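# Residue-level structure breakdown
Chain residues, written in single-letter form:
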Amino acid sequence: MDPTDGEDARGQTEPGSAEPAESLDRPLPERVRHRVIVLAGDAFTGLTLGELPPGLRQYARFTPSRRVKFGGSAIAAALEAEAVFRQRVAARFRLAEPELAEAVDRGAPPPAADPVEIAAAAFLLRPPGWAKLVAAAGEEAQRAQEERAGQERELELARLREELAEVRTAARTEGERLRAELEAARREGDAVHRKLRSAVSDVRRGEAALRKLRAELEEVRAEYGAARAAAEGEARRLRARLAEAEAALEASRKSVREGRGIEDMRLRLLLDTVLDAAQGLRRELALPPASLKPAQTVDAVEPGDVSPQDIARRALAEDDPALLDQLLALPQAHLVVDGYNVTKTGYPTLPLEKQRLRLLRGLAVLAAQTGAEMTCVFDGAELAGPVLLAPPRGVRVLFSSPGQTADELIRQLVRAEPPGRPVVVVSTDREVADGVAVAGARPVASALLLRRLART
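Remember, predicted model here, so these are calculated numbers, not experimental data. (Residues numbered from 1 in each chain as written. Predicted model: local features only at pLDDT ≥ 70, side-chain atom pairs only at ≥ 80, totals over all residues. Heavy atoms only, no water.)

### Structural notes on the overall build of the chain
Per the secondary structure count, the chain includes 13 helices and 5 strands. For the chain, with 456 residues in total, the buried portion stands at 27%. Looking at the chain alone, contacts between residues at least 24 apart form 58% of all its contacts between residues at least 6 apart. (Helix = DSSP H or I, 4+ residues; strand = E, 2+ residues; numbered from the N terminus. Buried < 20%, exposed > 50% of the residue type's maximum accessible area, 1.4 Å probe, protein only. Contact = heavy atoms within 4.5 Å.)

Spelled out as structure tokens, the structure:
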């Protein structure tokens, strides 16, 4: 049961009933007022939102310290104006401090208790004679505060006296040091004055030497001006002679150019005459262009046309890169490469993207060296989308369609070629090799292409 509901054992009035007509004849001391606000702020945690005055509900969720800081004035006004709210706060105080509340109700607070706590409890509990109790406790608190302030002032005065003594001692020490420095500065100034007088004497002697040097410099400048005028006159005479020599040289060059131009004209005219006469004679005799070369008149056995099968029968090993060079040297040769079969044979540890780029770079170099047509086929059946790839120059790059393998695409490329064209297929897959061999293509192993690319 809430202690504020109904009348308790000590005859407290019911919330909203009239209280004893006692009041304070002066405002609460500041420390007492602050303690009352703190007690009211702590009591918020035991009250519901409906039990709080409307003006204080906004502070219900604040922490006790923020509640006192931002809502102190509102809490103080509510305690003064809202008797029910004050009685609820007093009830929370009774629960927190039952012994002190009991003593204040009896009008006999403990002598050792803090006067501020007694005044705050009397203000909240409002026992008979509470105003006098608050006034007495406030005066006691004020006297204690004044005593503490007096003690603090005495301590501060003692501290200031000690600081003053220290400052005076330091001032005396500093004054003695400054007097010593002043005496040293005076002695140093005397020495500087002596040096200054010596320096002024040296400057005067230097000025006399400088005037003598200036006079000598003027004499040298006069001599230099005369020599310069003579040199400029000689230079003008030499420039005039040089101009005459350059004019004579230009005249001789002009005469040589004119003579050479006449001889060149006569020689060119003679050459044009001979050429015109030869062309006229060829038209008159209707001579056809020469179709027979002297080497064709020699009797010998000429070789026949070479096919991929003829190259295969030569004395070259199947893994010799020279075999691939001979196949690609055939007229209009077409090299079809099973891409992943080659890359997974040569460098299987690399990612697929780097495998493709490395193979295509090598094929681009091989295409530039041999001039053969090259098509590189990759398996695209597992791709989720198109591959972003810029094919290198001279190499055609194809991916198989969804549902189709690279082997099937290679067979389609071989069947699309006309019979008799040299087609070379690079793959280690035996099924692919046998199928393209039946269609007339020449299969070679992936290792052979890798060895050939290693030489580029």
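The discussion continues.
### Focus: the nonpolar core
Residues Leu79, Phe85, Phe123 and Leu124 are the most contacted members of the largest nonpolar core, which totals 39 residues. For this core, the secondary structure elements donating two or more residues are helix H1 (30-43), helix H2 (64-81), helix H3 (83-96), helix H4 (98-106), helix H5 (115-125) and helix H6 (130-285). Ranked by the residues each element gives to this core, the list is headed by H5, at 9 residues. Apart from residues no more than four positions distant in its own chain, Leu79 is found in contact with Val36, Ala40, Phe85, Arg86, Val89, Phe123 and Leu124. Leu327, Ala372, Val395 and Val424 belong to the second-largest nonpolar core, a separate cluster that totals 29 residues. (Core = buried A, V, L, I, M, F, W, Y, C linked by side-chain atoms within 4.5 Å.)

### So, the packing of aromatic side chains
Applying the stated rule across the entire model yields 5 aromatic pairs. Each ring, one from Tyr59 and one from Phe62, has its centre 5.6 Å from the other, and the planes form 85°; the classification is edge-to-face. Judged by its relative accessible area of 12%, Tyr59 is buried. In this structure, Arg126 is placed above the aromatic ring of Phe123, and the distance from its NZ or CZ to the ring centre is 4.7 Å. (Phe/Tyr/Trp six-rings, centres within 6.5 Å; stacked < 30°, edge-to-face > 60°. Lys NZ or Arg CZ within 6 Å of the ring centre and 35° of its normal.)

### Here's the deal with the pattern of salt bridges
Proximity of charged atoms lets side chains of opposite charge pair with each other. Overall, the coordinates contain 17 salt bridges when judged by the stated rule. Close ionic contact of Asp202 with Arg205 constitutes a salt bridge, the shortest N to O distance being 2.0 Å. With Asp202 and Arg205 both in helix H6, this residue pair falls 3 residues apart, about one helical turn. Arg421 is the partner of Glu373 in a salt bridge, and the nearest nitrogen-oxygen pair spans 2.5 Å. Of this pair, Glu373 sits in strand S2 (residues 373-378) while Arg421 sits in the loop between helix H11 (406-416) and strand S4 (423-426); the two residues are 48 residues apart in sequence, bridging distant segments of the chain. (Salt bridge = Lys/Arg side-chain N within 4 Å of Asp/Glu carboxyl O.)

### Overview of unusual backbone geometry
With phi around 60°, Gln332 is a residue other than glycine that occupies positive phi space. Its location among the elements puts Gln332 in the loop between helix H8 (321-328) and strand S1 (334-338). Given the relative accessible area of 61%, Gln332 is considered exposed.

### Digging into the sheet that holds S1
A sheet is described by the order of its strands in space; here 5 strands give the open sequence S3-S2-S1-S4-S5, paired in parallel fashion. Each of the sheet's edge strands pairs with one partner strand only, and the pair in question is strand S3 (395-399) and strand S5 (442-444). Adjacent strand axes in the sheet meet at a mean angle of 20° when their direction is disregarded. As paired elements, S1 and S2 share 5 bridges and run parallel to each other. Bridge pairing in S2 places Val336 opposite Thr375. In the packing of H8 onto the sheet, the strands contacted are S1, S2, S4 and S5, and the crossing angle to S5 comes to about 150°. (Pairing = 2+ DSSP bridges. Axes fitted to C-alpha atoms, helices over the stretch in contact; angles between N-to-C directions.)

### A few points about H11
Helical geometry note: an α-helix holds 3.6 residues per turn, so side chains three or four residues apart project in the same direction. Within H11 the residues assigned to the buried category are Ala406, Asp407, Leu409, Ile410, Arg411, Leu413 and Val414. Summarising the contacts, the buried residues of H11 are in contact with S1, S2, S3, S4 and helix H12 (430-438).

### Considering the packing of H3 against H5
Two elements in contact, H3 and H5, have axes separated by 8 Å at closest approach and are oriented at 130°. Here H3 lies oblique to H5, going by the angle between them. For the pair H3 and H5, the contacting residues are Arg86, Val89, Ala90, Phe93 and Arg94 in the first and Ala121, Phe123, Leu124 and Leu125 in the second. When the residues that make up the contact of H3 with H5 are grouped by side-chain class, the tally is 7 nonpolar, no polar and 2 charged. (Parallel < 35°, antiparallel > 145°, perpendicular 65-115°, else oblique. Nonpolar A, V, L, I, M, F, W, Y, C, P; charged D, E, K, R; others polar.)

### Focus on the pairing of S1
Along any regular strand, the residues point their side chains to alternate faces of the sheet. Within S1, 5 of the 5 residues are buried, which leaves the element mostly enclosed by the surrounding structure. With burial as the criterion, each face of S1 is covered, one bearing His334, Val336 and Asp338 and the other bearing Leu335 and Val337. Sheet topology note: the S1/S4 ladder contains 4 bridges and is parallel. Note that in S4 the partner of His334 across the bridge is Val423.

### Overview of H2
Over its 18 residues, H2 runs only 21 Å from end to end, short of the ideal 26 Å by more than 12%, given 1.5 Å per residue. When H2 is considered as a whole, its buried residues turn out to be Arg67, Val68, Gly71, Gly72, Ile75, Ala76, Ala78 and Leu79. Residues of H2 that are buried in the fold lie against H1, H3 and H5. (Expected span 1.5 Å × (residues − 1).)

### Section: the confidence of the model for the chain
Where the model shows low pLDDT, its predicted coordinates should not be examined in detail. Here the chain shows a mean pLDDT of 79. Residues at 70 or above account for 81%. Here residues 1-20 is a poorly scored stretch, pLDDT under 50, and it has 29 contacts once near neighbours within four places are set aside; other chains count. For residues 296-306, every residue scores under 50 in pLDDT, and the model assigns this stretch 6 contacts once sequence neighbours within four places are set aside. (pLDDT = per-residue confidence, 0-100.)

### Topic: the packing of H1 against H3
Running from N to C, H1 and H3 cross one another at 85°; their axes reach a closest spacing of 9 Å. One finds that H1 runs roughly perpendicular with respect to H3. Of the residues in H3, those touching H1 at Leu39, Ala40 and Ala43 are Val89, Arg92 and Phe93. The class makeup of the residues in the contact of H1 with H3 is 5 nonpolar, no polar and 1 charged.

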